[in-house]
Each structure stands twice: as C-alpha cells, then as structure tokens.
Amino acid sequence: VQLVESGGGLVQPGGSLKLSCAASGFTFSSITMTWYRQAPGKEREWVAFITNAGGSTYYEASVKGRFTISRDNAKNTVYLQMNSLKPEDTAVYYCNARIGGAPYWGQGTQVTVSS
C-alpha cells in the first residue's frame, strides 16, 4: 500500500490550494478515503472523508463550506480542494486508507497559511 500526497505549499489567507493523494497497492475504488491534518503541538484530526464510490462526503465543522473532498477512481487519486484558507488551517495534511482494519498513511504535505 502506498499513499503519496502532493500540492501543499505557502498561501496567503483567503487563498486556495488543491491537495492530491495518489494511491496504489490496493483496490482504491473499494475503500473510503480520509484526509487528516496535524498542526504543530496538536493531535492529528480528521478533516474530511469520502466513501468508496464517492456518493457521500463528510467534513469537520471548521472546514465545512470551504473544503471539498473528491476522488477519481480511474486515477486512484483523492483530492482536497481548500478555499478561503485561514492561518489556523496551517498543518501537515495526510491521506488515510483503512484496509482490513489497519490504517495506512502517506508521508504528508505541508500547508502553511500566512501573509
């Protein structure tokens, strides 16, 4: 199983970024995918998840209305479009797949929101 995140960077408050997570080594279309983030000195928290066929999405309260999770099962990729970014969104963002009860993580991508 491999998960590789990309798309992070430095952005000004109010700006946008789109994160990608390329997956391999498992049947991507069968697995719910989740984005998490971890800010300095804080615990990792879930941000959004999307069910296997993409029919349902769920968001943590602080990002609802600003972030959109999506997936392309043909490309084995899950995305996180982040709009109206705030300094408090600064964190390392990870994608996660739970397969057979075991969690798998990517290496993370840094998102920094600062003027």
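Scroll up a little and you will see the structure.
Procedures and definitions
- Residues numbered from 1 in each chain as written.
- Predicted model: local features only at pLDDT ≥ 70, side-chain atom pairs only at ≥ 80, totals over all residues.
- Heavy atoms only, no water.
- Pairing = 2+ DSSP bridges.
- Helix = DSSP H or I, 4+ residues; strand = E, 2+ residues; numbered from the N terminus.
- Axes fitted to C-alpha atoms, helices over the stretch in contact; angles between N-to-C directions.
- Buried < 20%, exposed > 50% of the residue type's maximum accessible area, 1.4 Å probe, protein only.
- Contact = heavy atoms within 4.5 Å.
- Polar contact = N/O pair within 3.5 Å; in protein donor to acceptor, adjacent residues only side chain to side chain.
- Disulfide = S-S within 2.5 Å.
- Core = buried A, V, L, I, M, F, W, Y, C linked by side-chain atoms within 4.5 Å.
- Phe/Tyr/Trp six-rings, centres within 6.5 Å; stacked < 30°, edge-to-face > 60°.
- Lys NZ or Arg CZ within 6 Å of the ring centre and 35° of its normal.

Undergrad: Can you walk me through the sheet that holds strand S3 (residues 17-24) in this structure?
TA: What holds strands together in a sheet is hydrogen bonding between their backbones, with the strands either parallel or antiparallel. The four strands are arranged S1-S3-S8-S7 in an open sheet whose pairing can be described as antiparallel. Each having just a single partner strand, strand S1 (2-6) and strand S7 (67-72) make up the two edges of the open sheet. For this sheet, the mean angle separating the axes of adjacent strands, direction not counted, is 15°. By the bridge criterion, six bridges tie S3 to strand S8 (residues 77-82) in an arrangement that is antiparallel. Pairing of Ala22 across the sheet is with Thr77, part of S8.

Undergrad: Could you clarify how one ought to interpret the environment of Glu5 in this entry?
TA: Within the secondary structure layout, Glu5 lies in strand S1. A residue is classified by how much of its surface remains accessible, and Glu5, at 4% relative accessible area, is buried. When the C-alpha positions of Glu5 and Ser16 are compared, they lie 17 Å apart, and in sequence the two are 11 residues distant. If we skip the residues at most four places from it in the chain, Glu5 touches Ser20, Cys21, Trp35, Tyr93, Tyr94, Cys95, Gly106, Gln107, Gly108 and Thr109. For Glu5, the side chain forms a polar contact with the main-chain nitrogen of Cys95, separated by 2.8 Å. Separated by 2.9 Å, the side chain of Glu5 and the backbone nitrogen of Gly108 make a polar contact.

Undergrad: Explain unusual backbone geometry to me, please; I cannot follow it from the model alone.
TA: The phi dihedral of Asn76 falls on the positive side, at around 50°, and the residue is not glycine. Looking at where Asn76 falls in the secondary structure, it is placed in the loop between S7 and S8. On the basis of relative accessibility, which here comes to 26%, the residue Asn76 falls in the partly exposed class.

Undergrad: Looking at this model, I keep getting lost on the state of the cysteines. Mind explaining?
TA: Cysteine pairs can be covalently joined through their sulfur atoms, and such a bond is termed a disulfide. In the structure shown here, the tally under the stated rule is one disulfide. Across the disulfide, Cys21 is cross-linked to Cys95 (sulfur-sulfur distance 1.9 Å). Residues Cys21 and Cys95 are joined through a disulfide that is right-handed, its torsion about the S-S bond being 45°. Of this pair, Cys21 sits in strand S3 while Cys95 sits in strand S9 (residues 91-99); the two residues are 74 residues apart in sequence, bridging distant segments of the chain.

Undergrad: Honestly, the nonpolar core in this entry has me stumped. Any pointers?
TA: Looking at soluble globular proteins, one finds that nonpolar side chains tend to be buried together. The biggest cluster of nonpolar side chains holds 29 residues, and the ones touching the most others in it are Met33, Trp35, Leu80, Met82 and Tyr93. Elements supplying a minimum of two residues to this core: S3, strand S4 (33-38), strand S5 (45-50), S7, S8, S9 and strand S11 (109-113).

Undergrad: When you look at the side chain of Thr77 in this model, what are you seeing that I'm missing?
TA: If you trace the backbone, Thr77 turns up in strand S8. In this view, Thr77 contacts Ser20, Cys21, Ala22, Phe28, Ser70, Arg71 and Asp72; residues no more than four positions away in its chain are not counted.

Undergrad: I'm lost on the packing of aromatic side chains in this one. Help?
TA: Think of a pair of aromatic rings as described by two things: how far the centres are apart, and how the planes are tilted against each other in angle. Taken as a whole and judged by the stated rule, the model has five aromatic pairs. Centroid distance Trp46 to Phe49: 5.6 Å. Interplanar angle 55°. Geometry classified as tilted. Under the relative-accessibility criterion, Trp46 is labelled partly exposed at 33%. Using a relative accessible area of 26% as the deciding quantity, one classes Phe49 as partly exposed. Each member of the aromatic cluster is reached from another via a ring pair, and the members are Tyr36, Tyr94 and Trp105. The ring of Tyr79 has Lys18 sitting right over it, with the charged end atom 4.6 Å from the ring centre. Here Arg44 stacks its cationic end above the ring of Trp105, 4.5 Å away from the centre of that ring.

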